[in-house]
Amino acid sequence: MKADEIRRRGVVELAAALDAGSLTSVEMVRAYQAAADRIDPQTGTYLSRFDDLALAAAEQLDSERAQGRVRSVLHGIPLGVKDIVATHEGPTTAQSLALDPAWGAAGDGPVMARLRAAGVIVLGKTTTMEFAIGFPDLRLHRIDDSASEAAKPFPLPRNPWGLDHWPGGSSSGTATGVAAGLFPAGLGTDTAGSVRLPAGYCGVTGHKPTFGLVAKNGVVPLGFSYDHMGPLARSAADCATLLNVMAGADPGDDTTVQRPAEDFAAGLDRGVAGMRIGVARSVTVDAGSASDAVAGCFEAALDALRAAGAVLVAVQFPLWDELGESCFSGLFAEAFAWHRDLLARRWDDYGVDTRRGIAQGALISGGDYVQIQRLRTLGRRRVAELFQSVDLIATPTTGTTAIRYGADPDRAARLRTLYTPPYNSLGLPAIALPMGLADSMPASLQLAGPAFADAVVLQAGAAFQHFTDWHLATPPLW
């Protein structure tokens, strides 16, 4: 199989080729490494690459396969891993000079251990925003002329659909790597949209699982009760395949929930015929925060769902603004709790925007934090009532396409275009799906469901991708 064909295929297709003997893991790894040699200097996808270790792992896994020992459907599949997730190949930096190099020295957390036991290969650690806080600090990369501090020694990730555009954060490198064909899938984390936002901006698929479904120990925390780990890949089917291995409680993370094992890929061919999908236009495209181009892509996506048999109904999403705005206050309060001592000792090693964001958490009083939690409880109850009348809720993932670097300094306005944070406040599953191009950049559909309805969310995502082919599109940089 030619290298370009390898790079165009998703996890499920590559696994089938491995099973058929038309492809080896070594061939895959070499194809992705050659692409990274050419493309990564432009996209800033990787913080570190583990070329020799990845090839050695591929050789071992090919040998096991030749002996009839296949660990799982992921046997021999390469991944990129966001650099707040500990792996035994190398250090975890969280893209910061402030993090102690000893953090994560023990190696794989439970999710990485499960994936490795299933046979995945780690190609490298991917770029993020510092400590997974969502926006890039352009002053530290000398894009903003107001820079007053020394640049930090980390790459600035760029969108393969337009190198002068931000790929979204904070799982930036994982999204650019999937979009540019540097690996078929990867790991990200999502505290206010950090899987779905870069997936949306880069034209790939990203799934935020239900809070408590996937263990987070072995991951540098941002907001303890808002953080989720999830997959980014080319398709919903690929995300489901990864989630089958990632899901499960772990005693090291007391927020995980003991549940029976579930095959998230089993129902992907059931479609959406008769499925009731609530369309939350009033809080998104009708609220003035979406561009006309994105709104047009959203209407076309709804038409595709309707043609596939879904029943679409307009819904009023309760407490949308409150849940979105309080997400940031709550996560910064939780971030400050973790970073407080480190900020005092390593203030200058943090980026300007990172330390300013985390320090906001010091201004959230105990009473404020209690009120935020009361709001979340009320929101869960009200949204659970909404889900008694619909199976899923549809919105765009974001109201605009990827932001051009240096073009829009109004962060308050930018935050209003993000339709991801309410689902972090609620802990509900949500998926970002490519739904077209708006002004030559990817636009994204978001489908969300009730707690632990991840299989239904993925099923609907797979149905949408059966009737559309936007997830197969490749960027100009290929």
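Summarised in this report is the structure supplied together with it. (Residues numbered from 1 in each chain as written. Predicted model: local features only at pLDDT ≥ 70, side-chain atom pairs only at ≥ 80, totals over all residues. Heavy atoms only, no water.)

### A look at the overall build of the chain
Thought 1: Along its length, the chain carries 15 helices and 11 strands.
Thought 2: On C-alpha atoms alone, the chain measures out to a radius of gyration of 21 Å, which is about the 23 Å that the 2.2 N^0.38 rule sets for 478 residues.
Thought 3: Taking the contacts inside the chain whose residues are at least 6 apart along the sequence as the reference set, 79% of them involve residues at least 24 apart.
Thought 4: Within the structure as shown, the chain displays about 17300 Å² of accessible surface, and the carbon and sulfur contribution to it stands at 53%.
Thought 5: Each charge sign in the chain was given a centre, from 41 positive and 51 negative side chains, and these centres are 1 Å apart. (Helix = DSSP H or I, 4+ residues; strand = E, 2+ residues; numbered from the N terminus. Rg over C-alpha atoms; globule rule 2.2 N^0.38 Å. Contact = heavy atoms within 4.5 Å. Areas by Shrake-Rupley, 256 points an atom, 1.4 Å probe, with all protein chains shown as cover. Lys, Arg positive; Asp, Glu negative; His and termini not counted. Charge placed at Lys NZ, Arg CZ, Asp CG, Glu CD.)

### Considering the nonpolar core
Thought 1: With 136 residues, the main nonpolar core has Leu74, Leu115, Phe317, Met435 and Leu445 as its most contacted residues.
Thought 2: A per-element tally of this core places helix α10 (residues 320-346) first, with nine residues.
Thought 3: If you look at the next biggest cluster of nonpolar residues, it comprises 12 residues, including Met129, Trp161, Ile403 and Leu418. (Core = buried A, V, L, I, M, F, W, Y, C linked by side-chain atoms within 4.5 Å. Buried < 20%, exposed > 50% of the residue type's maximum accessible area, 1.4 Å probe, protein only.)

### Let's talk about the side chain of aspartate 454
Thought 1: Looking at where aspartate 454 falls in the secondary structure, it is placed in helix α15 (residues 454-467).
Thought 2: Among buried Asp, Glu, Lys and Arg side chains, aspartate 454 stands out as unpaired, with arginine 259 the closest opposite charge at 6.9 Å.
Thought 3: Excluding anything up to four places from it in sequence, aspartate 454 contacts His207, Lys208, Pro209, Thr210, Leu213, Leu243, Phe264 and Pro429. (Salt bridge = Lys/Arg side-chain N within 4 Å of Asp/Glu carboxyl O.)

### A look at unusual backbone geometry
Thought 1: Here the amide bond leading from glycine 169 into serine 170 is cis, since omega sits at 10°, within 30 degrees of zero.
Thought 2: With respect to the helices, strands and loops of the structure, serine 170 is situated in the loop between β3 (121-126) and α6 (172-179).
Thought 3: Its identity as a non-glycine residue notwithstanding, alanine 94 has a phi of 55°, on the positive side.
Thought 4: Structurally, the position occupied by alanine 94 is in the loop between β2 (78-82) and α5 (110-117).
Thought 5: At glutamine 95, a residue that is not glycine, the phi angle is positive and equals roughly 50°.
Thought 6: Looking at the element boundaries, glutamine 95 is found in the loop between β2 and α5.

### Remarks on the side chain of threonine 43
Thought 1: Along the chain, threonine 43 falls in helix α3 (residues 25-43).
Thought 2: Each residue touching threonine 43, except ones within four places of it in the same chain, is listed here: Leu156, Pro157, Arg158, Pro160, Leu163, Leu182 and Leu477.

### What to know about the packing of helix α8 (residues 236-246) against α15
Thought 1: Taken N-terminus to C-terminus, the directions of α8 and α15 make an angle of 150°; their axes are 8 Å apart at the nearest point. Regarding the angle of α8 to α15, the classification is roughly antiparallel. Together, Ala236, Cys239, Ala240 and Leu243 of α8 and Asp454, Leu458, Gly461, Ala462 and Gln465 of α15 make up the contact between the two elements.
Thought 2: When its residues are assigned to classes, the contact of α8 with α15 shows six nonpolar, two polar and one charged. (Axes fitted to C-alpha atoms, helices over the stretch in contact; angles between N-to-C directions. Parallel < 35°, antiparallel > 145°, perpendicular 65-115°, else oblique. Nonpolar A, V, L, I, M, F, W, Y, C, P; charged D, E, K, R; others polar.)

### Topic: the packing of aromatic side chains
Thought 1: Enumeration over the complete set of coordinates arrives at seven aromatic pairs.
Thought 2: Between tyrosine 46 and phenylalanine 183 the ring centres are 6.0 Å apart and the planes differ by 70°, which places this aromatic pair in the edge-to-face class. With tyrosine 46 in strand β1 (residues 46-49) and phenylalanine 183 in the loop between α6 and β4 (185-190), this pair connects stretches of sequence that are 137 residues apart.
Thought 3: On the numbers, 6.1 Å between centres and 65° between planes, the contact of tryptophan 166 with tyrosine 201 is edge-to-face. (Phe/Tyr/Trp six-rings, centres within 6.5 Å; stacked < 30°, edge-to-face > 60°.)

### A word on the packing of α10 against helix α11 (residues 352-359)
Thought 1: Put simply, α10 and α11 touch, their axes get as near as 8 Å, and they point 115° apart. Mapping the contact onto sequence places Phe332, Ala335, Phe336, His339 and Leu343 in α10 and Arg355, Gly357, Ile358 and Ala359 in α11.
Thought 2: For the contact of α10 with α11, the per-class residue count stands at six nonpolar, two polar and one charged.

### A word on the pairing of strand β5 (residues 205-208)
As a general feature of sheets, a regular strand has side chains that alternate between the two faces.
Thought 1: Where burial is concerned, the two faces of β5 agree: the one with Thr205 and His207 and the one with Gly206 and Lys208 are both buried.
Thought 2: Here two bridges tie β5 to strand β6 (residues 228-233), and the two strands are oriented antiparallel to one another. Counted as the bridge partner of threonine 205 is alanine 233 from β6.
Thought 3: As paired strands, β5 and strand β10 (residues 430-438) are joined by three bridges and run antiparallel to one another. Each bridged residue has a counterpart across the sheet, and for lysine 208 the counterpart in β10 is alanine 430. (Pairing = 2+ DSSP bridges.)

### Things to note about the sheet that holds β5
Thought 1: One open sheet holds the 11 strands; their spatial order is β1-β3-β2-β4-β6-β5-β10-β11-β9-β7-β8, and the pairing between them is mixed. Each edge of the open sheet carries a strand with a single partner, namely β1 and β8 (311-314). Strand after strand, the sheet turns through a mean of 30° between neighbouring axes, direction not considered.
Thought 2: Alignment of strand β7 (residues 276-279) against strand β9 (residues 392-396), held across three bridges, turns out to be parallel. The partner of isoleucine 277 across the bridge, within β9, is leucine 392.

### What about helix α2 (residues 11-20)?
Thought 1: All of the buried residues in α2 are Val11, Leu14, Ala15, Ala17 and Leu18. Within α2, the buried residues cover an arc of 160° as seen down the axis, which keeps them to one side. Relative to its buried face, α2 has exposed residues pointing more than 90 degrees away, namely Asp19 and Ala20.
Thought 2: Just beyond α2, the residue with positive phi is glycine 21, at close to 80°. (Arc of directions from axis to C-beta.)

### Remarks on the pattern of salt bridges
Thought 1: As enumerated under the stated definition, the model contains 18 salt bridges in all.
Thought 2: The partner of arginine 7 in a salt bridge is aspartate 4, and the shortest N-O contact between them spans 3.6 Å. With arginine 7 and aspartate 4 both in helix α1 (residues 3-8) and three residues apart, the pair spans about one turn of that helix.
Thought 3: The buried category is assigned to arginine 7, whose relative accessible area is 6%.
Thought 4: A residue is classified by how much of its surface remains accessible, and aspartate 4, at 35% relative accessible area, is partly exposed.

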